[in-house]
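One letter stands for each residue in the lines below.
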Amino acid sequence: MNIINVKASSGTYQININSSRLDHLHTAIPEDTTSIVIISNNKINNLYGTRAKFALSKTGLPQYEIEIPDGEMHKNLNTVKQIFDYLLQKRVDRKGVLIAMGGGVIGDITGFAASTYLRGIRFIQVPTTLLSQVDSSVGGKTGVNHEMGKNMIGTFYQPISVEIDINVLDTLDFS
Ligand SMILES: NC(=O)c1ccc[n+]([C@@H]2O[C@H](COP(=O)([O-])OP(=O)(O)OC[C@H]3O[C@@H](n4cnc5c(N)ncnc54)[C@H](O)[C@@H]3O)[C@@H](O)[C@H]2O)c1
């Protein structure tokens, strides 16, 4: 496995890269975690949800999933509210961990939700597009769009790790 250490002002985190990282996601979950919530969309969940959930089930922790609508047009506060509503209904506490499984849209929305829910809970980036693997999952920029502009609302908030499975790029449509 390739490991890159990222130094941020809030601490150091790892980018773990290999060709089967999805099957080892459980190894990224901190010991004191109380619940895990995977955030993705229908397309990504259909492609990779079963593998991710099977790996995470090895932690024995309660596991939830949220599917948000696919597309940049849903990168907004309405979608963030849907995530908050679900997290509150499930009583996810400050030791819950969110998993952003998807492209830059999922990563930006999930990072923003993680940075503001209960004043900040941990999240892991599992980027599944080329852009998100090489750019948006690293650096800690989170956010959503406003009708008056793109990425107008957001935070700087680092993930606890970035888990990159390069084989998920196989299903991208490059046409
Ligand atoms: N935070 C940052 O630093 C940063 C940097 C650059 C871009 N961004 C943001 O990233 C977003 C764009 O991200 P993107 O290009 O990844 O687009 P995206 O997240 O919209 O994903 C593109 C499409 O690919 C699908 N998809 C994702 N992974 C797939 C896979 N493995 N196989 C098949 N389909 C898959 C998605 O469902 C979606 O339909 C923008 O909102 C942009 O603002 C953020």
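Residues take numbers from 1 onward in each chain, read along the sequence in its written order. Owing to the predicted nature of the model, reporting of local features is limited to residues with pLDDT of at least 70; listing and counting of side-chain atom pairs is limited to 80 or more, with chain, interface and lining totals taken over all residues. Think of the side-chain values as coming from all heavy atoms in the structure, minus any hydrogens and water.

> I'd like a rundown of helix H3 (residues 104-116), residues and numbers included.
The end-to-end C-alpha separation of H3 is 18 Å, in line with the 18 Å expected for 13 residues at 1.5 Å each. The rule is simple: take the accessible area with a 1.4 Å probe, protein chains only, and divide by the maximum for that residue type; under 20% is buried, over 50% is exposed, in between is partly exposed. Helix and strand definitions here come from DSSP, where helices need a minimum of 4 consecutive H or I residues and strands a minimum of 2 consecutive E residues; each element is numbered from the N-terminal end. Among the residues of H3, those classed as buried are Gly104, Ile106, Gly107, Asp108, Ile109, Thr110, Gly111, Phe112, Ala113, Ala114 and Ser115. In the stretch just after H3, Leu118 is the one whose phi turns positive, near 50 degrees. The span you would expect from a helix comes to 1.5 Å times its residue count less one.

> So what about the nonpolar core? Which residues, and what values?
We call a set of buried Ala, Val, Leu, Ile, Met, Phe, Trp, Tyr and Cys residues a nonpolar core when their side-chain atoms join them within 4.5 Å. Leu22, Ile83, Leu87, Leu98 and Met101 are the most contacted members of the largest nonpolar core, which totals 36 residues. Elements with a minimum of two residues in this core: strand S3 (35-40), helix H1 (42-57), helix H2 (77-89), strand S5 (96-102), H3 and strand S6 (122-127). Every residue in contact with Leu98, bar those within four places of it in the chain, is listed here: Val37, Ile39, Leu87, Thr110, Ala113, Ala114, Ile121, Arg122, Phe123 and Ile124. Val6, Ile15, Ile17 and Val162 belong to the second-largest nonpolar core, a separate cluster that totals 6 residues. The contact criterion used is simple: two residues touch if any of their non-hydrogen atoms lie within 4.5 Å.

> An account of unusual backbone geometry is requested, with residue identities and associated values reported.
Phi is positive for Arg91, which is not a glycine, with a value near 55 degrees. Within the element layout of this structure, Arg91 appears in the loop between H2 and S5. When its relative accessible area of 72% is taken as the criterion, Arg91 is described as exposed. Phi is positive for Arg119, which is not a glycine, with a value near 65 degrees. Mapped onto the fold, Arg119 is located in the loop between H3 and S6. What makes Arg119 exposed here is its relative accessible area of 80%.

> Before we move on, could you go through the packing of aromatic side chains and cite the residues and values that matter?
Only centres within 6.5 Å qualify two rings of Phe, Tyr or Trp (six-membered ring in Trp) as a pair; their planes then separate them into stacked at under 30 degrees, edge-to-face at over 60, and tilted for everything else. Using the criterion set out here, one finds 3 aromatic pairs in the structure. With 6.2 Å between their ring centres and 25 degrees between their planes, Phe84 and Tyr117 make a pair best called stacked. You can see Phe84 sitting in helix H2 and its partner Tyr117 sitting in the loop between H3 and S6, a full 33 residues away along the chain. The partly exposed category is assigned to Phe84, whose relative accessible area is 23%. Tyr117 gets classed as buried once you look at its relative accessible area, which sits at 4%. Ring geometry for Phe123 versus Tyr157: centroids 6.1 Å apart, planes at 10 degrees, classification stacked. With a gap of 34 residues between them, Phe123 in strand S6 and Tyr157 in the loop between strand S8 (149-156) and strand S9 (161-165) connect regions that are remote in the sequence. With a relative accessible area of 1%, Phe123 lands in the buried category.

> Account for the site of the ligand, with residues named and values stated.
Near the ligand, the surroundings consist of 23 residues, among which Glu72, Thr128, Thr129, Lys150 and Thr171 are the closest. Thr128 has a polar side-chain atom sitting 2.7 Å from a nitrogen atom of the ligand. Considering the ligand on its own, with 870 Å² of exposed area, one finds that the protein chains cover 81% of that surface. At the level of secondary structure, the elements contributing two or more residues to the shell around the ligand comprise H1, H3, helix H4 (130-136) and S8. Here the element with the most residues in the shell around the ligand is H1; it accounts for 4 residues. When its residues are assigned to classes, the shell around the ligand shows 7 nonpolar, 8 polar and 8 charged. Only a single heavy atom is needed: when it lies within 4 Å of a molecule or strand, its residue is near that molecule or strand. Here a polar contact means two N or O atoms within 3.5 Å. Within protein one must be a hydrogen donor candidate and the other an acceptor candidate, and residues neighboring in sequence count only if both atoms are side-chain atoms. To be clear on the numbers: accessible area is Shrake-Rupley with a 1.4 Å probe, and residue cover counts the displayed protein chains and nothing else. Charged residues are taken to be Asp, Glu, Lys and Arg, nonpolar residues to be Ala, Val, Leu, Ile, Met, Phe, Trp, Tyr, Cys and Pro, and polar residues to be all remaining types, Gly included.

> Could you give an account of the environment of Ile38, naming the residues involved and the relevant values?
You can see Ile38 is positioned in strand S3. A relative accessible area of 4% places Ile38 in the buried class. Here the alpha-carbon distance between Ile38 and Met101, two residues 63 residues apart in the chain, equals 6.8 Å.

Function cannot be read off these values alone, since they describe shape.
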